[in-house]
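Chain by chain, the residues run as shown.
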Amino acid sequence: MMNFAFLKNRIVSLLNDKKTFGVNEKNILNILYFKNIARINQFAPLVLLILLPIIYIDFNRVQQHLGESKIGSQIILYTHLVFTAVLIIYWLLLKWLRIQKPEAIKSSHIAQTNSFLFFSVFCMAAISFGDVMIGNGVANYVGTVFLVAILFYLPHGITLIIYLTNTGLLVYSISLLGINSNLVISHMVNLIAFTLIAFAASRYLFHIEVKDQKREEEKNRFFSIIAHDLRTPFNSLIGFSDVILDDYDEMDDVLKKEIIESIHDVSRDTYHLLDNLLKW
């Protein structure tokens, strides 16, 4: 049981890229997934609108093609239909969950998002396989991996699984087709090369975003400290002023002078603090 727990923690650590985040920065991962979910919510209606005419074209293409080309067309059509259904279900799920802020993100939401993105790339791999069968290339799949890299912030382990698993499956599937060997090699080279480039782009954009989020948190902590340091002297000034206003007639001159000196000292220190901050 101990070994299983250790292995599970290691896998979770790899998938979530825990080495990128400090102890006090785990919420950054939630912020990134909140952005991912928000983008899926925004783009889902547009993707559905684009898919409708594509599915119509797929229906016509199935009727026109024969033999192996017809099988390829059927693969494309059925994959588009399945992806459309899953997209609608996941979009409705997000609408039902109504995740309004990063703090509301749970591990189940992260798992659902990762699964959906994996399935999206898998579907495009299947469509590209069908495209190769009817004589087209793998441009659709290449475009998808780059789109995922640009639009979504995914940890190292998740990106590795999504890209390499689906690319490897597509490369293997194409190698089984009875087509020109030079064409197979060309497809393989393109798939592997562009997937590696997209993977590198995904890593770069992810770490840039993580650095930006860390910088934002540091800025917020800095302003929080400044706000605290500024409130304290002003509270003192208000307190001393209240004392003078309320008990001025009952005070002797010595106490009045002490309070005035305290107000002067606090005002001077606060001025120096503000001056230093403005210069900085």
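Anything mentioned here points back to the structure above.
About the thresholds
- Residues numbered from 1 in each chain as written.
- Predicted model: local features only at pLDDT ≥ 70, side-chain atom pairs only at ≥ 80, totals over all residues.
- Heavy atoms only, no water.
- Phe/Tyr/Trp six-rings, centres within 6.5 Å; stacked < 30°, edge-to-face > 60°.
- Helix = DSSP H or I, 4+ residues; strand = E, 2+ residues; numbered from the N terminus.
- Buried < 20%, exposed > 50% of the residue type's maximum accessible area, 1.4 Å probe, protein only.
- Lys NZ or Arg CZ within 6 Å of the ring centre and 35° of its normal.
- Contact = heavy atoms within 4.5 Å.
- Polar contact = N/O pair within 3.5 Å; in protein donor to acceptor, adjacent residues only side chain to side chain.
- Patch = residues over 30% accessible without salt bridge, like charges linked within 9 Å, V, L, I, M, F, W, Y side chains within 5 Å.
- Areas by Shrake-Rupley, 256 points an atom, 1.4 Å probe, with all protein chains shown as cover.
- Salt bridge = Lys/Arg side-chain N within 4 Å of Asp/Glu carboxyl O.
- Lys, Arg positive; Asp, Glu negative; His and termini not counted.
- Charge placed at Lys NZ, Arg CZ, Asp CG, Glu CD.
- Core = buried A, V, L, I, M, F, W, Y, C linked by side-chain atoms within 4.5 Å.

Student: What am I meant to see in the packing of aromatic side chains here?
Tutor: We describe a pair of aromatic rings using the distance from one ring centre to the other and the angle between the two ring planes. On inspection of all chains with the given rule, the structure shows four aromatic pairs. Ring centres of phenylalanine 146 and phenylalanine 194 lie 6.3 Å apart, and the angle between their planes is 70°; this geometry places the pair in the edge-to-face category. One end of the pair, phenylalanine 146, is in helix H5 (residues 139-151); the other, phenylalanine 194, is in helix H7 (residues 181-247), and 48 residues separate them in sequence. The class for phenylalanine 146 is partly exposed, based on a relative accessible area of 25%. Of the aromatic side chains, those joined through ring pairs into one cluster are Phe83, Tyr90 and Phe116. Seen from the ring of phenylalanine 199, arginine 203 lies directly overhead, with NZ or CZ sitting 5.9 Å from the centre.

Student: Sorry if this is basic, but what is going on with the environment of threonine 165 here?
Tutor: Among the secondary structure elements, threonine 165 is positioned in helix H6 (residues 156-175). Threonine 165 sits 49 residues away from phenylalanine 116 along the chain, and the two C-alpha atoms are 15 Å apart. Threonine 165 has contacts with Phe118 and Leu160, leaving out every residue within four places of it along the chain. A distance of 2.8 Å separates the side chain of threonine 165 from the backbone oxygen of isoleucine 161, its partner in a polar contact.

Student: What is the right way to look at a negative patch on the surface in this model?
Tutor: Taken together, the side chains of Asp242, Asp246, Asp247, Asp249 and Glu250 present a region of like negative charge at the surface. Among the structural elements, aspartate 246 can be located in helix H7.

Student: Would you explain the nonpolar core in this entry?
Tutor: Nonpolar side chains in soluble globular proteins generally cluster together in the buried interior. Within the largest apolar cluster, 46 residues are counted, with the highest numbers of intra-cluster contacts made by Tyr141, Leu154, Tyr163 and Ile174. Listed by contribution, the elements that provide at least two residues to this core are helix H2 (27-64), helix H3 (67-97), helix H4 (107-133), H5, H6 and H7. The element best represented in this core is H4, accounting for 11 residues. When residues no more than four places from it in sequence are discounted, the contact partners of isoleucine 174 are Phe129, Val132, Val138, Val184, His187 and Leu191.

Student: Please explain the pattern of salt bridges as it appears in this structure.
Tutor: Oppositely charged side chains are able to pair whenever their charged atoms sit close together. For the coordinates displayed, the defined rule picks out six salt bridges. Between glutamate 216 and lysine 219 there is a salt bridge; the shortest N-O distance is 3.4 Å. Of the two residues, glutamate 216 and lysine 219 are both situated in helix H7; the distance of three residues between them amounts to about one turn of the helix. Look at glutamate 216 and you get partly exposed, because its relative accessible area is 35%. Among the salt bridges present, the one from aspartate 265 reaches arginine 268, with a minimum N-O distance of 3.4 Å. Of this pair, aspartate 265 and arginine 268 both sit in helix H8 (residues 253-279), three residues apart, which is roughly one turn of that helix. Judged by relative accessible area, which is 33%, aspartate 265 ranks as partly exposed.

Student: What is the right way to look at a nonpolar patch on the surface in this model?
Tutor: A contiguous nonpolar patch, built from Phe43, Leu46, Leu49, Ile50 and Leu52 and spanning about 490 Å² of accessible area, is present on the exposed surface. By secondary structure assignment, the location of phenylalanine 43 is in helix H2.

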